[in-house]
Amino acid sequence: MNEELETKTSALEPQAESMKDYEDQFDIADPWHIVQNYMDNRTNLTLKVEGVVNGGVIVKVEGLRGFVPASRLSLSYIEDLESYLLKEITVRVIEADPEEHRLILSAREILKEEEARERAERISKIQVGSVMEGTVESIQSYGAFVRFDDGLSGLVHVSQICEKRIKTPADVLKTGDRVNVKVIGIKDGKLSLSIKALSEEKEEETEELHVELPKSEEIGTNLGDLFKNIKL
């Protein structure tokens, strides 16, 4: 009797394993399982915008309806969401909740990474000591931020604005001023700038060019001394 029971149990084991394999395959093929893997692996997905709704756009991921909020479509404000309709965008899954049927995607993280790479590449071409022209973008109590035409920006610390002591950068600078600055440091992708360094260099150049000429009386005396011992 026991042998017969063991035989039946053994015969059922392959069927149980086969059922488990089937369930595993079903889980793997489940769209929510797939989008969860996309989120875990930070996978970039290029998708077509299927529709525009209040506050964002609709895309399809593995047959699931996903939502991309307008605030996560770009790094700047979007005036016309309709301009995205039927266009392809590159996004990542940032939230996947099968119970709530909630699937949220974002392009913002990808755009930030691209922007950081481009910034790092531009900064790598700048050398300490370079002189650049830019526009005062904002003024803080500790210094002024200067933006250059290529989009890069750097900080002129309050101590590097001018030689005289000032209480605030606003004493000598205002937003929108065009200024020449010298790059005095690059650290962690940030530019340290100086206006004062250029003023100091100009003063040094002026001192080098300023040579004290002898007085006319001295020139006459020297000429007299020169001819005094000459016999004709």
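Residues numbered from 1 in each chain as written. Predicted model: local features only at pLDDT ≥ 70, side-chain atom pairs only at ≥ 80, totals over all residues. Heavy atoms only, no water.

Looking at an unreviewed UniProt entry, one finds the chain named S1 motif domain-containing protein, with Sellimonas catena as its source organism.

*Asks:* How would you sum up the nonpolar core? Please name residues and give values.
*Replies:* One finds Val61, Ile89, Leu103 and Leu105 to be the most contacted residues of the largest nonpolar core, which totals 22 residues. Mapped onto this core, the elements with two or more residues apiece are α2 (31-40), β1 (45-53), β2 (56-61), β3 (64-69), β4 (88-97) and β5 (102-106). Considering every element that reaches this core, the biggest residue donor is β4, with four residues. When residues no more than four places from it in sequence are discounted, the contact partners of isoleucine 89 are Leu45, Thr46, Leu47, Val49, Val57, Val59, Val68, Leu73 and Tyr84. Core analysis: the next-biggest nonpolar cluster, separate from the first, contains 20 residues, Met132, Val136, Val156 and Val183 among them. (Core = buried A, V, L, I, M, F, W, Y, C linked by side-chain atoms within 4.5 Å. Buried < 20%, exposed > 50% of the residue type's maximum accessible area, 1.4 Å probe, protein only. Helix = DSSP H or I, 4+ residues; strand = E, 2+ residues; numbered from the N terminus. Contact = heavy atoms within 4.5 Å.)

*Asks:* Summarise the pattern of salt bridges; cite the residues concerned and give the values.
*Replies:* The final tally for this structure, using the stated rule, is eight salt bridges. The shortest N-O distance in the salt bridge between glutamate 113 and arginine 42 comes to 2.9 Å. One end of the pair, glutamate 113, is in helix α3 (residues 108-124); the other, arginine 42, is in the loop between α2 and β1, with 71 residues separating them in the sequence. For glutamate 113, a relative accessible area of 28% puts it in the partly exposed group. Within this structure, Arg42, Arg92 and Glu113 form a network of salt bridges that share partners. (Salt bridge = Lys/Arg side-chain N within 4 Å of Asp/Glu carboxyl O.)

*Asks:* Account for the side chain of serine 74, with residues named and values stated.
*Replies:* Relative to the elements of secondary structure, serine 74 occurs in the loop between β3 and β4. A residue is classified by how much of its surface remains accessible, and serine 74, at 13% relative accessible area, is buried. Of note is the side chain of serine 74, whose polar atom sits 3.1 Å from the backbone nitrogen of serine 76. (Polar contact = N/O pair within 3.5 Å; in protein donor to acceptor, adjacent residues only side chain to side chain.)

*Asks:* Requested: an account of a negative patch on the surface, with residues and values cited.
*Replies:* A grouping of Glu114, Glu115, Glu118 and Glu121 is seen on the molecular surface, where their side chains present a negatively charged patch. Here glutamate 118 is to be found in helix α3. (Patch = residues over 30% accessible without salt bridge, like charges linked within 9 Å, V, L, I, M, F, W, Y side chains within 5 Å. Areas by Shrake-Rupley, 256 points an atom, 1.4 Å probe, with all protein chains shown as cover. Lys, Arg positive; Asp, Glu negative; His and termini not counted. Charge placed at Lys NZ, Arg CZ, Asp CG, Glu CD.)

*Asks:* Give a description of α2 that names residues and reports values.
*Replies:* Within the span of α2, buried status applies to Trp32, Val35 and Tyr38. For α2, the angular spread of the buried residues around the axis is 115 degrees, confining them to a single face. The elements touched by buried residues of α2 are β1, β2, β3, β4 and β5. Positive backbone phi, at 55 degrees, marks arginine 42, one or two positions downstream of α2. (Arc of directions from axis to C-beta.)

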